[in-house]
Amino acid sequence: MSIDLLAFAQAIAGGAVRVVDLTQTLAQEFPTIVLPPELGQCAPFRIEEISRYDERGPAWYWNNISMGEHTGTHFDAPIHWISGKDLPNNAVDTIDVAKFIAPAAVLDCSRECAADPDFMLTVAFVEKWEARHGKIAPGSWVLLRTDWSKKPYLGYAGLSDDGAHTPGPEPAAVKWLVEERDVHGFGTETIGTDYGQGQHFNPPYPAHFYMHGKGRYGLQCLTNLDLLPPKGAVIVAAPLKIKQGSGSPVRVLALVPASAG
Amino acid sequence: MTRPLARPRRKNPLKRTRAPLRPPAVRSRTAHGLTAAAAEGHFALQVCTDCRTVIYPPRDACPACLSPRVPFTNIDNGGTLVAETSVHTSTEVYFRERTPWRVGVVALDRGPSVVAHLHGDVAEGARVRVELKLDKAGAPVMMALPEQDTPDMADDPQLREVTCDPKFRRVLITDGRTAVGQALAKAFSEAQASIVFVGVADPWKPFPGMNSLRAIERVEIVPLDLTDTESVTEQAQQNGARVDIVVNTAEHVRAGGIVDRHGLTVAREEIDARYFGLLRLAQAFGPALRARGADGVNSATAFVNLLSVHALMNWPEYGSYSAAEAACLSAAQCLRAELRPGGVKVLNVFFGPLETEWFQTVPPPKVAPAALARAVVDALKRGLEDVFVGDIAQDVRQRLAVNPKALERELAG
């Protein structure tokens, strides 16, 4: 089969394929995951001006930036979790680059999440979705559209005195997606791929545990998922090539046929 | 009777803001014994070890017996105002624009007569107490105060030149998430600060005391994150020209030394929150503070650093924390030199372990946040530069003066 990449490029240039930016702007005030304060913390995004057409550099503007691997919209590699620590090619610098482009199934649970910040994605919910849109194709990103990215930061982080209250998958759903649907990875709009109260599941943080345990990937802090069709979008998410990196802030793009969505 | 200070009127935007001026500041090396006493609010003169003569002005030998053993010693500050006058003109530009200026001669009970600035409530022949104060140039001066407190005495214009009284001034407390920040907001509100700006970082993270903080009179919550240069810059752009006292309450307390800490993540956070935070704050707010040192009743007047007393000597149990505090102390000394041209004081408030969560495992005595807040406001009202709050801080201060090496060994446990 010969593939006409020039026609593909022309489709993008001409608008027949829309490019949707699924990335949050890397900004200092964007919430970062919060762990108990005695544990190690992921650094928030910070920016320090090197020069701005001034005495520090008269004709140029540039910045030094700092952040954690899991700051802002970011990619999780299998090595991030203990269950994936011994897999081959499990870090951002060794993952096959072909894995950075994959189709997506977008599960819209925004209505349910608006009513219940503790909405839990179940196998039954996915089966109901499949009844309408067809089976999730193997090798697909499963993206959870919650419209969480539209919330002000206080509600977005959802922190209460008993932890975060944000939607996410139950353990059985993650296991099923990996084992029965052979998905590529799991992506969310929330700060992590896991349910806000996911530390109380068995296993704790199942989206991390099962996905990374089977060499699958994670995307979080996504936005604009409401602009994607349930099926038919292709995701481009290539993390920085950090030596033995567990993840990386990433620019996530979706390619969507203009006829869809 | 001191006329109570009137709430300053809003500035006429057509009038130039007067540039800060300084009184003459040169002192001999020996006379800096007075600076040291004034910085901590003591009254100390040289007392001859051999013949007990009290010496003033400072000398390198006793004028009575020629002994070179003339250490500065805290003494009683009582005296009688034997002569007074008002200066109506001066070649010193600082005093020129502050005339008439009252000065007098006080015969101290302990012997010497001293020339002193006079509080408005002291009259010739009256009993007075003489305090050593740091003037706008940071130099030590004598100030004669009424023997007993008088109503509104802090509002006296000559006294207010050497203090940093928060009354009618606008204060910025950099971090309202901490118990200390909240106690300070309350203390400054009670001290009649006209606005208490309180910085809050990461407003999406709830914190204890948030509602009671908001309820304090004249408190205004503002977005401020000392770990974020842009946030500090934006806050200074918005409110920097109307902040008269900056109080850095940024806190990062974690136990642990250096060798047994796993990696640098925590140390980086310590340095970022404390040392870099101080630098960001100084760069953003320093220029406006320095320019507004003579801006009327609510002129810019002080930059307050809250420092662990272990900035002065490392406490290995909290060793990495101590090192970050030491960096802040060094920066504060630089800042002091840089803000002095504006007549803005840098107040360093040293404290031992606090009665807060991160010192949970440390036995008492510990400093309650409210006590620390009271000490800060008190030190500003007195115009001090260095304050040691609580038993541990005072103990470290004393032991450091006697034998730093012994202190180092003993803190190592």
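Being a predicted model, the structure only gives us computed values, none of them experimental. (Residues numbered from 1 in each chain as written. Chains lettered and ligands numbered in written order. Predicted model: local features only at pLDDT ≥ 70, side-chain atom pairs only at ≥ 80, totals over all residues. Heavy atoms only, no water.)

Caption draft 1: Main features of the overall build of chain B. When its secondary structure is counted, chain B shows eleven helices and 15 strands. The C-alpha radius of gyration computed for chain B amounts to 22 Å, which stays within 12% of the reference 22 Å derived for 413 residues, consistent with globular compactness. Dimensions of chain B, computed from C-alpha atoms along their principal axes, come out at roughly 65 × 60 × 30 Å. Split into buried and exposed, the 413 residues of chain B put 53% on the buried side. On chain B, roughly 18800 Å² of surface is accessible, and the fraction owed to carbon and sulfur atoms is 53%. (Helix = DSSP H or I, 4+ residues; strand = E, 2+ residues; numbered from the N terminus. Rg over C-alpha atoms; globule rule 2.2 N^0.38 Å. Buried < 20%, exposed > 50% of the residue type's maximum accessible area, 1.4 Å probe, protein only. Areas by Shrake-Rupley, 256 points an atom, 1.4 Å probe, with all protein chains shown as cover.)

Caption draft 2: Here's a closer look at the sheet that holds strand 13 (residues 231-237) of chain A. Residues and elements named next belong to chain A. With mixed pairing, the nine strands of this open sheet are ordered in space as 1-15-13-5-7-11-12-4-14. Two strands in the sheet have a free side with no partner beyond their single neighbour: strand 1 (17-21) and strand 14 (247-249). Strand-to-strand, the axes of this sheet are offset by a mean angle of 25°, without reference to chain direction. Across three bridges, the pairing between strand 4 (residues 74-76) and strand 14 is antiparallel. In the strand pairing of strand 14, aspartate 76 is matched with glycine 247. (Pairing = 2+ DSSP bridges. Axes fitted to C-alpha atoms, helices over the stretch in contact; angles between N-to-C directions.)

Caption draft 3: The arrangement of the side chain of lysine 136 of chain B in detail. Mapped onto the secondary structure, lysine 136 of chain B falls in the loop between strand 7 (127-134) and strand 8 (140-146). When residues no more than four places from it in sequence are discounted, the contact partners of lysine 136 of chain B are Leu21, Arg22, Pro23, Tyr94, Glu161, Gly293, Ser299, Arg340 and Gly343 of chain B. (Contact = heavy atoms within 4.5 Å.)

Caption draft 4: Molecular detail of the pattern of salt bridges. Following the criterion strictly, the structure yields 42 salt bridges over all chains and no others. With a shortest N-O distance of 4.0 Å, arginine 280 of chain B and glutamate 48 of chain A are connected by a salt bridge. Separated into two different chains, arginine 280 of chain B in helix 7 (residues 265-291) and glutamate 48 of chain A in strand 2 (residues 46-54) make up a pair that spans both. Among the residues examined, arginine 280 of chain B registers a relative accessible area of 12% and is labelled buried. Each member of the salt-bridge network shares a partner with another, and the members are Lys11, Arg170, Asp244, Arg292 and Asp295 of chain B. (Salt bridge = Lys/Arg side-chain N within 4 Å of Asp/Glu carboxyl O.)

Caption draft 5: Quick peek at the pairing of strand 8 of chain B. All names here are of chain B. Burial runs high along strand 8: seven of the seven residues are buried. Pairing between strand 6 (residues 113-118) and strand 8: two bridges, direction parallel. Across the sheet, residue histidine 117 finds its bridge partner in strand 8, namely methionine 143. The loop that links strand 7 with its antiparallel partner strand 8 comprises five residues; one of these, glycine 138, has a positive phi angle of about 80°.

Caption draft 6: Here's a closer look at a nonpolar patch on the surface. Residues and elements named next belong to chain A. Taken together, the side chains of Met1, Ile3, Leu5, Phe8, Ile12 and Val19 make up a nonpolar region of the molecular surface, amounting to roughly 670 Å² of accessible area. Tracing the backbone shows methionine 1 in the segment before helix 1 (5-14). Residue methionine 1 is classed as exposed on the basis of its relative accessible area, which comes to 94%. (Patch = residues over 30% accessible without salt bridge, like charges linked within 9 Å, V, L, I, M, F, W, Y side chains within 5 Å.)

Caption draft 7: Highlighting the interface of chain A and chain B. Tallying the contact residues gives 15 residues for chain A and 14 residues for chain B. For the pair chain A and chain B, the summed buried surface comes to about 1100 Å²; carbon and sulfur atoms form 55% of the total. Three residues, Gln28, Arg46 and Leu159 of chain A, lead the burial of chain A against chain B; their summed loss comes to 37% of the area buried on that side. Scanning the region where chain A abuts chain B turns up two salt bridges. (Buried area = accessible area lost by both parts, 1.4 Å probe.)

Caption draft 8: Representation of the sheet that holds strand 5 (residues 101-108) of chain B in the model. Residue and element names in this part refer to chain B. Pairing in this closed barrel of five strands is mixed, and the strands run 4-5-6-8-7 around the ring. Along the sheet, successive strands turn relative to each other by an average axial angle of 45°, direction set aside. Helix-sheet contacts for helix 1 (residues 32-40) involve strand 7 and strand 8, and the interaxial angle to strand 7 is about 100°.

Caption draft 9: Region of interest: helix 6 (residues 229-239) of chain B. Buried within helix 6 of chain B are the following residues: Thr229, Ser231, Val232, Gln235, Ala236 and Asn239 of chain B. Of the surrounding secondary structure, the elements contacted by the buried residues of helix 6 of chain B are strand 2 of chain A together with strand 10 (195-200), strand 11 (219-223) and helix 7 of chain B. Regarding helix 6 of chain B, its N-cap is aspartate 228 of chain B, as a side-chain oxygen of that residue lies 3.0 Å from the backbone nitrogen of glutamate 230 of chain B further along. (Polar contact = N/O pair within 3.5 Å; in protein donor to acceptor, adjacent residues only side chain to side chain.)

Caption draft 10: Spotlight on the pairing of strand 11 (residues 185-188) of chain A. All names here are of chain A. Side chains Gly185 and Gly187 project from strand 11 onto one buried face, and the interleaved Phe186 and Thr188 project onto a second face that is buried too. Here strand 7 (residues 141-145) runs beside strand 11; their pairing, made up of four bridges, is parallel. Bridge pairing in strand 11 links valine 142 to phenylalanine 186. Bridge count for strand 11 against strand 12 (residues 217-220) is three bridges, and the pairing is parallel. Paired with glycine 187 across the strands is leucine 219, a residue of strand 12.

Caption draft 11: Seen up close, the packing of helix 5 (residues 171-179) of chain A against helix 6 (residues 206-213) of chain A. Residues and elements named next belong to chain A. Two elements in contact, helix 5 and helix 6, have axes whose closest approach is 9 Å; the angle formed by their N-to-C orientations is 15°. The angle between helix 5 and helix 6 places the two elements in the roughly parallel class. Of the two possible hands of crossing, helix 5 and helix 6 adopt the one that is right-handed. For the pair helix 5 and helix 6, contact is made by Pro171, Val174, Lys175, Leu177 and Val178 and by Pro206, Ala207, Tyr210 and Met211, respectively. Here the contact of helix 5 with helix 6 is built from residues that sort into eight nonpolar, no polar and one charged. (Parallel < 35°, antiparallel > 145°, perpendicular 65-115°, else oblique. Left-handed = near helix turned anticlockwise from the far one by under 90°. Nonpolar A, V, L, I, M, F, W, Y, C, P; charged D, E, K, R; others polar.)

Caption draft 12: Expanded view of the domain arrangement of chain B. Residue and element names in this part refer to chain B. Taken as a whole, chain B is organised into domain 1 (32-160) and domain 2 (170-411). One C-alpha centre belongs to domain 1, the other to domain 2; they are set 31 Å apart. Listed as interface residues are twelve residues of domain 1 and, on the opposing side, 13 residues of domain 2. For the pair domain 1 and domain 2, the summed buried area comes to about 1000 Å², and 39% of that belongs to carbon and sulfur atoms. Summed over the shared surface of domain 1 and domain 2, the number is one salt bridge. One salt bridge connects arginine 397 with glutamate 40, and the closest N-O pair in it is separated by 2.6 Å. Linking domain 1 to domain 2 there are seven residue pairs in polar contact (both at pLDDT 80 or more). Of all elements in the fold, only helix 1 and strand 7 reach the threshold of two or more residues within the side of domain 1 that touches domain 2. Per element, the largest residue contribution to the side of domain 1 that touches domain 2 is three residues, and it comes from helix 1. A breakdown of the residues in the side of domain 1 that touches domain 2 according to their chemical character gives four nonpolar, two polar and six charged. (Domains from an automatic or database assignment.)

Caption draft 13: Spotlight on the packing of aromatic side chains. As enumerated under the stated definition, the model contains 20 aromatic pairs over all chains in all. Measuring from centroid to centroid gives 5.5 Å for phenylalanine 209 of chain A and tyrosine 210 of chain A, while their planes differ by 85°, and the two rings are edge-to-face. Take tyrosine 210 of chain A: its relative accessible area is 17%, and that puts it in the buried class. When the ring of tryptophan 315 of chain B is compared with that of tyrosine 318 of chain B, the centres are 4.6 Å apart and the planes differ by 20°; the resulting orientation is stacked. The same class applies to tryptophan 315 of chain B as to tyrosine 318 of chain B, namely buried. Through successive ring pairs, a cluster of aromatic residues spans Phe75, Phe100, Trp141 and Tyr217 of chain A. Directly above the ring of tyrosine 61 of chain A sits arginine 52 of chain A, whose terminal nitrogen or CZ lies 4.1 Å from the centroid. A cation sits over an aromatic face here: arginine 254 of chain B above tryptophan 358 of chain B, 3.7 Å from the ring centre. (Phe/Tyr/Trp six-rings, centres within 6.5 Å; stacked < 30°, edge-to-face > 60°. Lys NZ or Arg CZ within 6 Å of the ring centre and 35° of its normal.)

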